[in-house]
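# Results of the structural survey
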Amino acid sequence: MSPIHQVQFHTSFPDTSAAIDRRIPEFAPAHISDEDKYFRNHEPPAYLPEIEKEIEQFIQFHKENTNRRIVLVTSGGTTVPLENNTVRFIDNFSAGTRGATSAEYFLENGYAVIFLHREYSLLPYSRHYSHSTNCFLDFMTENNGKIEINSKYTEEMLLVLRKYNQAQANNTLLLIPFTTVNQYLYTLKSAAEKMHVLGSTALFYLAAAVSDFFIPKSRLSEHKIQSSATVDGQLQINLSQVPKFLSRLVDNWAQGAMFVSFKLETDSNILIQKATTALERYHHQLVIGNLLQTRKNEVVFVTPNDSHWIKLTEDEIKDHIEIESRMIPEVIKHHSEWITQHPN
Ligand code: PAZ
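Quick notes on the rules
Residues numbered from 1 in each chain as written. Predicted model: local features only at pLDDT ≥ 70, side-chain atom pairs only at ≥ 80, totals over all residues. Heavy atoms only, no water. UniProt positions renumbered as here; feature names shortened; annotations may be inferred. Helix = DSSP H or I, 4+ residues; strand = E, 2+ residues; numbered from the N terminus. Rg over C-alpha atoms; globule rule 2.2 N^0.38 Å. Buried < 20%, exposed > 50% of the residue type's maximum accessible area, 1.4 Å probe, protein only. Contact = heavy atoms within 4.5 Å. Areas by Shrake-Rupley, 256 points an atom, 1.4 Å probe, with all protein chains shown as cover. Lys, Arg positive; Asp, Glu negative; His and termini not counted. Charge placed at Lys NZ, Arg CZ, Asp CG, Glu CD. Salt bridge = Lys/Arg side-chain N within 4 Å of Asp/Glu carboxyl O. Core = buried A, V, L, I, M, F, W, Y, C linked by side-chain atoms within 4.5 Å. Phe/Tyr/Trp six-rings, centres within 6.5 Å; stacked < 30°, edge-to-face > 60°. Lys NZ or Arg CZ within 6 Å of the ring centre and 35° of its normal. Expected span 1.5 Å × (residues − 1). Near = heavy atom within 4 Å. Polar contact = N/O pair within 3.5 Å; in protein donor to acceptor, adjacent residues only side chain to side chain. 1 Å grid on protein atoms, 1.4 Å probe; cavity = no way out; pocket = protein on both sides within 12 Å on 5 of 7 lines; lining within 4 Å. Sits in = over half its atoms within 2 Å of the grid points. Pairing = 2+ DSSP bridges. Axes fitted to C-alpha atoms, helices over the stretch in contact; angles between N-to-C directions. Points joined across faces, edges and corners; volume = space filled by probe spheres on them. Nonpolar A, V, L, I, M, F, W, Y, C, P; charged D, E, K, R; others polar.

You'll find the protein entered in an unreviewed UniProt entry as DNA/pantothenate metabolism flavoprotein C-terminal domain-containing protein, with Spathaspora passalidarum given as the organism. Recorded in UniProt under Sequence similarities (unreviewed entry), the annotation for the protein is "Belongs to the PPC synthetase family."

In structure tokens:
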């Protein structure tokens, strides 16, 4: 059996071949949107055509053979390189737990999943074993010169293995990596444009933590920043705002699909207001709000008409119930209503 479909290249290596072209103007002429300016002034990753082919084949396979709904789950944090030959970068908080766990529940509920994730962050199924002990060898034991799974893990591992095998056999999980915010934006755009053909049966579940600020390519240092670049011992870095792409996604790239975005805050007093503002600004269907401190145990669903919390009880937390097991069936309910209201 072949492994889960994963494209074979790495996004975490810097693109050393791409020298900076200083002729690219930092600000393109007026009258075009910030989003268009971004794509005009920043090159796509060299591997993008390969990814587009993978995504197209995955969508085609399910359209022709299974008629499954397809969800694009984004997961993990994007980086902002400080140098073109990247030694330093700014990172965004996210282990990928929300995305990887949610992807498993979508698969269990019959969806096919395109998992757009930060390379080396948590993945569906392997997440149960990759970060939970010091080393994967902790799950194993030696018996008469042979390696076996430690008996205290076998029951749970068998359940995970069966689900993993099923995802492989049904070709329902496509893993696509990103590292930088530029790779993320280009890949999201390409995936969305390919998913356009699915109309309302496509779902976007945007759990990735995407950088709000970046250094435009025209200002990026080509080589490692030297200490001599400091002034009075201080390094000044000017960051520009990353254009807000959600409106492009909703209105153009995958018009007709359903969109769920996430809002992470640390101040509970502003969470629902910020989620409501996002809905008003981007005209999509659902924002899931969460606080950094409590994100594993409670989330708030905010729609244009309503907001309500999903909270795990003390007992559920003790029993290691995953909040995504409550969230995903509810998201799917919203998606089913969306499809009924917007038949293709
Ligand atoms: O990956 P993780 O489980 O550690 O964290 C998930 C999360 C908090 C990044 C996600 O639930 C979220 O809120 N994403 C959107 C972040 C934002 O507001 O940009």
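Now that the structure is up, let's keep going.
Secondary structure assignment for the protein yields 10 helices and 15 strands. By the compact-globule yardstick of 20 Å for 344 residues, the protein fits well, its C-alpha radius of gyration being 21 Å. Along the first, second and third principal axes, the C-alpha atoms of the protein reach 60 × 60 × 45 Å. When the 344 residues of the protein are sorted by exposure, 47% land in the buried category. For the protein, the proportion of contacts with a sequence separation of at least 24, taken over those separated by at least 6, is 76%. As displayed, the protein offers around 18300 Å² of accessible surface, 50% of which is attributable to carbon and sulfur atoms. A distance of 2 Å separates the average location of the 32 positive side-chain charges in the protein from that of its 40 negative side-chain charges.

Once that is clear, we can look at the pattern of salt bridges. Under the definition given, this model contains 14 salt bridges. In this structure, Arg248 and Asp36 form a salt bridge, with 3.7 Å as the shortest nitrogen-oxygen distance. Here Arg248 is found in helix 7 (residues 246-253), whereas its partner Asp36 is found in helix 1 (residues 34-41), with 212 residues between them in sequence.

Of all hydrophobic cores here, the largest spans 51 residues; its most connected members are Ile114, Met195, Phe204 and Leu249. A per-element tally of this core places helix 6 (residues 181-195) first, with 8 residues. Excluding its chain neighbours within four sequence positions, the residues that come into contact with Met195 are Ile59, Ile70, Val71, Leu72, Ile114, Ala202, Leu203 and Phe204. Grouped together as the second largest cluster of nonpolar side chains are 39 residues, Val71, Ala103, Tyr111 and Leu312 included.

Our focus in this paragraph is the UniProt feature "domain: DNA/pantothenate metabolism flavoprotein C-terminal" (unreviewed entry) in the protein. Per the UniProt record, "domain: DNA/pantothenate metabolism flavoprotein C-terminal" (unreviewed entry) is annotated on residues 196-306. For residues 196-306, the end-to-end C-alpha separation is 28 Å, with 18% helix and 25% strand making up the annotated structure.

Enumeration over the complete set of coordinates arrives at 15 aromatic pairs. A centroid spacing of 5.5 Å and a plane angle of 50 degrees characterise the contact between Tyr38 and Phe214, whose relative ring orientation is tilted. Taken together, the residues Tyr38 in helix 1 and Phe214 in strand 10 (residues 213-214) connect sequence positions 176 residues apart. Relative accessible area serves as the criterion here: at 7%, Phe214 is assigned to the buried category. Here the aromatic rings of Tyr38 and Phe245 are separated by 5.7 Å at their centres, their planes lie at 85 degrees, and the arrangement is edge-to-face. Separated by 207 residues along the polypeptide, Tyr38 in helix 1 and Phe245 in the loop between strand 11 (240-241) and helix 7 bring together distant segments of the chain. For the residue pair Tyr38 and Phe245, the accessibility class agrees, reading buried in each case. Counting every residue linked through ring pairs, the aromatic cluster contains Tyr38, Phe39, Tyr186, Phe214, Phe245 and Trp253. The ring of Phe39 carries the charged tip of Lys189 above its face, separated from the ring centre by 5.3 Å. Geometry around Trp309 places Lys311 over its ring, the cationic atom sitting 5.2 Å from the centre.

Here helix 5 (residues 151-169) is 19 residues long and its end C-alpha atoms lie 27 Å apart, about the 27 Å a rise of 1.5 Å per residue gives. Every buried residue of helix 5 is accounted for by Met157, Val160, Ala167 and Gln168. Asn171 occupies a position one or two residues after helix 5 and carries a positive phi of about 50 degrees.

In the vicinity of the ligand there are 13 residues, among which Ser94, Gly96, Ala207, Leu264 and Asn290 approach most closely. A distance of 3.0 Å separates an oxygen atom of the ligand from a polar atom in the backbone of Arg98. Between an oxygen atom of the ligand and a main-chain N or O atom of Leu264, the distance comes to 2.9 Å. When the free accessible area of the ligand is taken as 470 Å², the share hidden by the protein chains comes to 90%. Cavity membership is defined here by more than half of the atoms lying within 2 Å of grid points; on that basis the ligand lies in the largest pocket.

Here the focus is the sheet that holds strand 13 (residues 286-291). Strand order in this open sheet of 9 strands is 1-8-5-2-9-12-13-14-15, and the pairing throughout is mixed. Two strands close off the open sheet at either side, each with one partner strand: strand 1 (5-6) and strand 15 (307-311). Sheet strands in contact with helix 3 (residues 97-108) are strand 2 (70-75), strand 5 (112-118), strand 8 (173-178), strand 9 (202-206), strand 12 (258-265), strand 13 and strand 14 (298-302), and its direction is about 170 degrees off that of strand 5.

Right, let's talk about the layout of surface pockets for a bit. Computed from the structure, the largest pocket encloses a volume of approximately 1200 Å³. In this structure, the largest pocket is lined by 42 residues; those nearest its centre are Ala208, Ala209, Val210, Phe262 and Lys263. For the lining of the largest pocket, the elements supplying multiple residues, two or more each, are strand 2, helix 3, helix 6, helix 7, strand 12 and helix 8 (271-282). Split by residue class, the lining of the largest pocket holds 20 nonpolar, 12 polar and 10 charged. Its volume calculated, the second largest pocket comes out at about 930 Å³. In terms of lining residues, the second largest pocket is bounded by 29 residues, among which Arg127, His128, Glu156, His320 and Glu322 are the most central. Of all the elements in the fold, those that place two or more residues in the lining of the second largest pocket are helix 3, helix 4 (127-130) and helix 5. When residues of the lining of the second largest pocket are assigned to their parent elements, the largest contribution, 6 residues, is made by helix 3. Here the lining of the second largest pocket is built from residues that sort into 12 nonpolar, 8 polar and 9 charged.

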